[in-house]
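Notes for the structure review
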Amino acid sequence: MKKNIGVVMGGYSSEYQISLKSGDVVCKHLDKEKYNIYKIHLLKDKWIYITENNEEIPVNKGDFSITVSGEKVTFDCIFNAIHGTPGEDGYLQGYLELLEIPHTSCPMYQAGLTFNKRDCLAALKPFGIKCATSYYINKGQEINESEIIEKVGLPCFVKANKAGSSFGISKVNTKEQLLPAIEVSFKEDDEIIIESFLDGTEVSVGVITYKGEVTVLPITEIVSENDFFDYEAKYQGKSQEITPARISDDMTQKVTEVAKKVYEILKMKGFSRSEYIFVGGEPYLLEVNTIPGMTAESILPQQAAKAGISLNDLFDNAIEEAFKK
Ligand SMILES: Nc1ncnc2c1ncn2[C@@H]1O[C@H](COP(=O)(O)OP(=O)(O)OP(=O)(O)O)[C@@H](O)[C@H]1O
Ligand SMILES: C[C@@H](N)C(=O)O
Ligand SMILES: [Mg+2]
Ligand SMILES: [Mg+2]
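Values in this document were obtained by computation on a predicted structure and should not be read as measured data.

Our next topic: the overall build of the protein. Check the secondary structure of the protein and you find ten helices and 17 strands. Relative to the compact-globule value of 20 Å for 325 residues, the protein shows a C-alpha radius of gyration of 20 Å, a close match. For the protein, the spread of C-alpha atoms along the principal axes amounts to about 65 × 45 × 35 Å. Taking all contacts inside the protein whose residues are at least 6 apart in sequence as the whole, residues at least 24 apart take part in 64%. Carbon and sulfur atoms form 49% of the exposed surface of the protein, whose accessible area is close to 14800 Å². Between the mean site of the 35 positive side-chain charges and the mean site of the 48 negative ones, the protein shows a separation of 2 Å.

Shown next, in the form of structure tokens:
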């Protein structure tokens, strides 16, 4: 019997439009012979199934079912394509896990931990994973500019702690730029992480469980035309994403080992894309994304393509692995 797959997309954060694109690509590339595919938008004001005629049918939040032409439809598996809250930070995972509906993302705790940049880096540091020197501020806390600069130096990166797609991130070069940058970050999250500037080659490393094996995909080098890999560089063509990265064999080996170790320490499942900047030949971890962009141009699908894994294979594998969890 064909399985019912709900592809969930959207979400409540600034990344919702990116997620709608990722979700559409997933719907397009799932095997229609094998699966009944349902496109589902989870938005702040409505949870809806979008029919092929663009009709909106509400999702029953009690059991995550829909009713189509008088028939109740439940899902065998949910393909999670929501970047940011509530799809990448554990809420959706926890809800689906309580309902015992398999899903393609990592488990609830792993999602909550990794989406919190501060806590994820703090959890990984004792295992020898290198990262930038950092300073944290919660909303309402006193802001001591001199103390921040003394700790992280200039330039530094001011980032929303729980966000993605470079929303709420600024590179700060002078003390005067610090408070405005903090304001920008607080628009995205109530927590901020301020990091020392890691000056070096940036790479992005996809790690997935493919046919039961933890698999590190070919590494991508990020070359931004802008000051850093900001929103414009990511989504409006102002960067080159070069796979495989033009780094030495030694650097490739090091970052491959670190990325696999990070996946294994965190007991990850499903997709992950972790990012590193090389300083003094050593990879420094920036963050781990568990619902990476899924459009054909996105980094992880490009890496999979280089590894000979098509989008159809990649997405089908995610569902097969979800049934094993
Ligand atoms: N400490 C740092 N030093 C140098 N560059 C940094 C630093 N932190 C972030 N950046 C730059 O900012 C970009 C975005 O940062 P980060 O990956 O933490 O944010 P994000 O919004 O979660 O990104 P994504 O879209 O991958 O989810 C990085 O890809 C890198 O170019
Ligand atoms: C979607 C974006 N947060 C990514 O990691 O690709
Ligand atoms: Mg991110
Ligand atoms: Mg990133």
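That shown, we press on.
It is worth spelling out the pattern of salt bridges at this point. All chains considered together, the criterion is met by 19 salt bridges. Across the salt bridge formed by E191 and K162, the nearest N and O atoms sit 3.0 Å from each other. With E191 in strand β11 (residues 191-196) and K162 in the loop between β9 (156-160) and β10 (169-172), the pair connects residues that are 29 residues apart, well separated along the chain. Linking K260 and E264 is a salt bridge whose minimum nitrogen-to-oxygen distance equals 3.6 Å. One end of the pair, K260, and the other, E264, are both in helix α8 (residues 249-265), four residues apart, so they sit about a helical turn from each other. In this structure K260 comes out as partly exposed when scored by relative accessible area, which is 32%. Its relative accessible area of 42% is what places E264 among the partly exposed residues. Through salt bridges that share partners, R118, D119, K162, D189, D190 and E191 make up one connected network.

UniProt's feature table lists "domain: ATP-grasp" (unreviewed entry) at residues 121-320, given in the numbering used throughout. The span residues 121-320 is 30% helix and 29% strand, and its two end C-alpha atoms sit 30 Å from each other.

The next point concerns the coordination of the magnesium ion (ligand 3). Binding of the magnesium ion (ligand 3) to the protein goes through E287 (OE), E287 (OE) and N289 (OD1), at separations of 2.1 to 2.3 Å. Separating the magnesium ion (ligand 3) from the magnesium ion (ligand 4) is a gap of 3.7 Å, bridged by E287, which donates to each. We note that E287, like N289, is buried.

Attention now goes to the coordination of the magnesium ion (ligand 4). The magnesium ion (ligand 4) binds to the protein through E275 (OE), E275 (OE) and E287 (OE), with metal-donor distances spanning 2.0 to 2.7 Å. Given six donor atoms and angles of 52 to 173° at the metal, the environment of the magnesium ion (ligand 4) is assigned as irregular.

This brings us to the site of ligand 2. By nearness alone, every residue bordering ligand 2 is listed as E15, H83, S165, Y235, R273, N289, P292 and G293. Contact distances for ligand 2 include 2.8 Å between an oxygen atom and a side-chain N or O atom of R273. For ligand 2, the accessible surface in isolation is 220 Å², of which the surrounding protein chains cover 91%. Structurally, ligand 2 is housed in the largest pocket.

The next thing to look at is the packing of aromatic side chains. In total, this model carries twelve aromatic pairs according to the counting rule given. Here W47 and F64 contribute two aromatic rings whose centre-to-centre distance is 5.9 Å and whose plane-to-plane angle is 65°, an arrangement assigned as edge-to-face. Separated by 17 residues along the polypeptide, W47 in strand β3 (residues 46-50) and F64 in the loop between β4 (56-58) and β5 (66-68) bring together distant segments of the chain. Taking the relative accessible area as the measure of exposure, W47 reaches 12% and is therefore buried. What makes F64 buried here is its relative accessible area of 1%. Consider the rings of W47 and Y95, whose centres lie 5.6 Å apart with planes at 80°: the pair is edge-to-face. Within this pair, whereas W47 is found in strand β3, its partner Y95 is found in helix α2 (residues 91-99), the two being separated by 48 residues in sequence. Aromatic ring contacts, followed pair by pair, group Y38, W47, Y49, F64, F75 and Y95 into a single cluster. In this structure, K61 packs its charged tip against the face of W47, placed 4.7 Å from the ring centre.

Scoring rules and cut-offs
Residues numbered from 1 in each chain as written. Chains lettered and ligands numbered in written order. Predicted model: local features only at pLDDT ≥ 70, side-chain atom pairs only at ≥ 80, totals over all residues. Heavy atoms only, no water. Helix = DSSP H or I, 4+ residues; strand = E, 2+ residues; numbered from the N terminus. Rg over C-alpha atoms; globule rule 2.2 N^0.38 Å. Contact = heavy atoms within 4.5 Å. Areas by Shrake-Rupley, 256 points an atom, 1.4 Å probe, with all protein chains shown as cover. Lys, Arg positive; Asp, Glu negative; His and termini not counted. Charge placed at Lys NZ, Arg CZ, Asp CG, Glu CD. Salt bridge = Lys/Arg side-chain N within 4 Å of Asp/Glu carboxyl O. Buried < 20%, exposed > 50% of the residue type's maximum accessible area, 1.4 Å probe, protein only. UniProt positions renumbered as here; feature names shortened; annotations may be inferred. Donors = N, O, S within 2.8 Å, 3.2 Å for Na, K, Ca; no water. Tetrahedral: all angles 85-135°; square planar, octahedral: opposite > 155°, others 65-115°. Near = heavy atom within 4 Å. Polar contact = N/O pair within 3.5 Å; in protein donor to acceptor, adjacent residues only side chain to side chain. 1 Å grid on protein atoms, 1.4 Å probe; cavity = no way out; pocket = protein on both sides within 12 Å on 5 of 7 lines; lining within 4 Å. Sits in = over half its atoms within 2 Å of the grid points. Phe/Tyr/Trp six-rings, centres within 6.5 Å; stacked < 30°, edge-to-face > 60°. Lys NZ or Arg CZ within 6 Å of the ring centre and 35° of its normal.

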